[in-house]
Amino acid sequence: MKRMLILGVVGVVIALGAYIRLAPSDPADWHIAPRAETNQDLQGGVLRVVETGPEGLARLDAIARNAPRTIVLAGSVDEGRITYITRTKIIGFPDYTTVEQDGDLLRIHGRLRFGRKDFGVNKARVDGWLAQM
């Protein structure tokens, strides 16, 4: 009986891990324009509004594409908006960062997909990218 319980728990953990890593990311759900007028630290993410000049998105894109475990979900510099997926190192939780050029402003929304609190991970990543600019 105890062995069956342990096997059941292990099975659930493996299934959850597979779901987290393999769940599809629909651009219609995540590639959405950031709506912020001021910087905000949220429980599950961060919003930033930064004056960068008209080339801000291109500069940030080069930084984001070189970030560990980060890929482009949708968009391009030419479109004026890009959404990135960055996965945590061990479990592979996905976080989504959407960056949009709005004239001389860059609007950024970094947020988690699973859970309610990101423990400052999105803030650290977004602020780190901005510091590299």
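Please read all numbers here as calculations on a predicted model, not as lab measurements. (Residues numbered from 1 in each chain as written. Predicted model: local features only at pLDDT ≥ 70, side-chain atom pairs only at ≥ 80, totals over all residues. Heavy atoms only, no water.)

Remember that side chains alternate between the two faces of the sheet whenever the strand is regular. The buried count for strand β6 (residues 105-112) comes to six of eight residues, which makes it a mostly enclosed element. The pairing of strand β2 (residues 45-51) with β6 spans seven bridges and is classified as antiparallel. Residue pairing across strands places V50 opposite L106, the latter belonging to β6. Sheet topology note: the strand β5 (residues 94-102)/β6 ladder contains eight bridges and is antiparallel. Note on β6: the bridge partner recorded for Y96 is R111. Between the end of β5 and the start of β6, which pair antiparallel, lie two residues, with G103 showing a positive phi angle near 65°. (Buried < 20%, exposed > 50% of the residue type's maximum accessible area, 1.4 Å probe, protein only. Helix = DSSP H or I, 4+ residues; strand = E, 2+ residues; numbered from the N terminus. Pairing = 2+ DSSP bridges.)

Take the packing of aromatic side chains next. Two aromatic rings, taken as a pair, are described by how far apart their centres are and by the angle between their planes. By the definition in use, this model includes two aromatic pairs. Seen in terms of ring centroids, W30 and Y96 are 4.0 Å apart; in terms of plane orientation they differ by 5°. Their pairing is stacked. In this pair, W30 is assigned in helix α2 (residues 27-30) and Y96 in strand β5, connecting sequence segments 66 residues apart. Consider the rings of Y84 and W129, whose centres lie 5.7 Å apart with planes at 75°: the pair is edge-to-face. With a gap of 45 residues between them, Y84 in strand β4 (residues 81-87) and W129 in helix α4 (residues 121-132) connect regions that are remote in the sequence. When sorted by exposure, Y84 lands in the same class as W129, which is buried. Seen from the ring of W129, R125 lies directly overhead, with NZ or CZ sitting 5.9 Å from the centre. (Phe/Tyr/Trp six-rings, centres within 6.5 Å; stacked < 30°, edge-to-face > 60°. Lys NZ or Arg CZ within 6 Å of the ring centre and 35° of its normal.)

Put simply, helix α3 (residues 56-65) and α4 touch, their axes get as near as 9 Å, and they point 120° apart. Comparing their axes, α4 and α3 come out oblique. Judged by the twist between their axes, the crossing of α3 over α4 is right-handed. Contact residues: α3 offers L60, I63 and A64, while α4 offers W129, L130 and Q132. Among the residues making up the contact of α3 with α4, the classes are represented as five nonpolar, one polar and no charged. (Axes fitted to C-alpha atoms, helices over the stretch in contact; angles between N-to-C directions. Parallel < 35°, antiparallel > 145°, perpendicular 65-115°, else oblique. Left-handed = near helix turned anticlockwise from the far one by under 90°. Contact = heavy atoms within 4.5 Å. Nonpolar A, V, L, I, M, F, W, Y, C, P; charged D, E, K, R; others polar.)

For the structure on display, the rule yields eight salt bridges. A salt bridge links D61 to R65; the shortest N-O distance between them is 2.8 Å. With D61 and R65 both in helix α3, this residue pair falls four residues apart, about one helical turn. The shortest N-O distance in the salt bridge between R81 and E100 comes to 2.9 Å. With R81 in strand β4 and E100 in strand β5, the pair connects residues that are 19 residues apart, well separated along the chain. (Salt bridge = Lys/Arg side-chain N within 4 Å of Asp/Glu carboxyl O.)

Among the nonpolar cores identified, the biggest contains 14 residues, and L60, Y84, V99, L106, I108 and W129 are the most heavily contacted of them. Counting residues per element, the ones that place at least two in this core are α3, β4, β6 and α4. Ranked by residues supplied to this core, first place goes to α3 with four residues. If sequence neighbours within four positions are ignored, I108 has contacts with P34, V46, L47, R48, L60, T97, T98, V99, V126 and L130. Grouped together as the second largest cluster of nonpolar side chains are five residues, W30, L73, I85 and Y96 included. (Core = buried A, V, L, I, M, F, W, Y, C linked by side-chain atoms within 4.5 Å.)

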